Amino acid sequence: MRNISIIMAMKSEAESLLQSLQLRKVNRPFRSGIPFEVYEGNLGKAQLSLLVSGNDSDHHVDNVATVPAALMTYLAIEKFEPDLVINAGTAGGIAGRGCEIGNVYLSSGKFCFHDRRIPLPGFDQYGMGLYPSYDTSIIAKDLQLKTGTVSTGNSLDLLEKDMQIIEENRAIIKDMEAAAIAWVCRTLSVPMFAVKAITDLIDEDTPTATQFMKNLHQAATNLQVKMIEVLRYLQNHEG
Ligand code: ADE
């Protein structure tokens, strides 16, 4: 894996990683109006590009969730032709399945959606997504990282029905981008996996937003440390 595109939603999740990788910002990477920020550089033998979603022009907050994530991934693949895409970011985790605040997970199994409920023949499975993650088992073993199935939805909070679907799919990590990115990667045959740092525990009583704000800084720091380890590992190993 020598040409890697990293897709990130929030600038605050990316800041410490951008600093430690010392990537340079690309001016006007896409046509006018596209808000995504693009950075590029190298780590050893690896050529890196890192995309962050930028701010919404009306609401002035990061362009989180599935729609910008899918477009950003498509544009990254068109521009950089990576041989691997990594979605790095924060996520919720299930305490009852061993997740702890600050843990960093590599994705395994299949990315699914928990909020695309389409009870029509065939569409029910389509709605669930189920796009493959690159097999991270060896990387996880060598770097002593946990692995888990990631489930994606467009909400930070959680409905009972969402939780039911997450559990049915045996997912333990809940985010807002990975499955959308995985759809683009599966469609364009580019291997992809996610690296997710846990900011909140979705089966605990404290509201997600409160936990998220409290733990974001710690999770982003842990994410940066583990991302560097993963990238160093990848640039030393042939894909
Ligand atoms: N990002 C961080 N925590 C999250 C959660 N609980 N759900 C979705 N995305 C998240």
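Notes on the structure follow.

Before going further, it helps to spend a moment on the pairing of strand β5 (residues 84-93). Of all the ten residues making up β5, ten are buried; the element is thus mostly covered by neighbouring parts of the structure. Judged from the four bridges that link them, strand β1 (residues 3-8) and β5 form a sheet pairing that is parallel. Bridged to Ile6 within β5 is Ile86. Bridge count between β5 and strand β12 (residues 192-201): nine bridges; the pairing is parallel. Across the sheet, residue Ala88 finds its bridge partner in β12, namely Val195. The pairing of β5 with strand β11 (residues 173-175) spans two bridges and is antiparallel.

Turning our eyes to something else, we now look at the pattern of salt bridges. Scanning all chains against the criterion turns up four salt bridges. As a salt-bridge pair, Asp162 and Arg117 come within 3.2 Å of each other at their nearest N and O atoms. One end of the pair, Asp162, is in helix α5 (residues 160-168); the other, Arg117, is in the loop between β7 (110-113) and α3 (123-128), and 45 residues separate them in sequence. Classification of Asp162 by relative accessible area gives buried; the value is 5%. Classification of Arg117 by relative accessible area gives partly exposed; the value is 40%. A salt bridge links Glu229 to Lys226, with the nearest nitrogen and oxygen atoms 3.7 Å apart. With Glu229 and Lys226 both in helix α7 (residues 208-236) and three residues apart, this pair spans about one turn of that helix. Since its relative accessible area comes to 25%, Lys226 is described here as partly exposed.

Here we come to the packing of aromatic side chains. Under the counting rule described, the total for this entry stands at two aromatic pairs. Ring geometry for Phe113 against Tyr131: centres 6.2 Å apart, planes inclined by 80°, an arrangement best described as edge-to-face. Here Tyr131 lies in strand β8 (residues 129-132) and Phe113 lies in strand β7, a separation of 18 residues in the sequence. Tyr131 gets classed as buried once you look at its relative accessible area, which sits at 3%. Lys79 extends its terminal NZ or CZ atom over the ring of Phe80, reaching a point 5.9 Å from the ring centre. Over the ring of Tyr126 we find Arg116; its NZ or CZ atom is 4.9 Å from the centre of that ring.

Attention shifts here to a nonpolar patch on the surface. On the surface, Leu71, Tyr74 and Leu188 cluster together into a nonpolar patch covering about 250 Å² of accessible area. Its location among the elements puts Leu188 in the loop between α6 (178-187) and β12. Leu188 gets classed as partly exposed once you look at its relative accessible area, which sits at 37%.

The rules behind these values
- Residues numbered from 1 in each chain as written.
- Predicted model: local features only at pLDDT ≥ 70, side-chain atom pairs only at ≥ 80, totals over all residues.
- Heavy atoms only, no water.
- Buried < 20%, exposed > 50% of the residue type's maximum accessible area, 1.4 Å probe, protein only.
- Helix = DSSP H or I, 4+ residues; strand = E, 2+ residues; numbered from the N terminus.
- Pairing = 2+ DSSP bridges.
- Salt bridge = Lys/Arg side-chain N within 4 Å of Asp/Glu carboxyl O.
- Phe/Tyr/Trp six-rings, centres within 6.5 Å; stacked < 30°, edge-to-face > 60°.
- Lys NZ or Arg CZ within 6 Å of the ring centre and 35° of its normal.
- Patch = residues over 30% accessible without salt bridge, like charges linked within 9 Å, V, L, I, M, F, W, Y side chains within 5 Å.
- Areas by Shrake-Rupley, 256 points an atom, 1.4 Å probe, with all protein chains shown as cover.

By themselves, these figures tell us nothing about what the structure is for.
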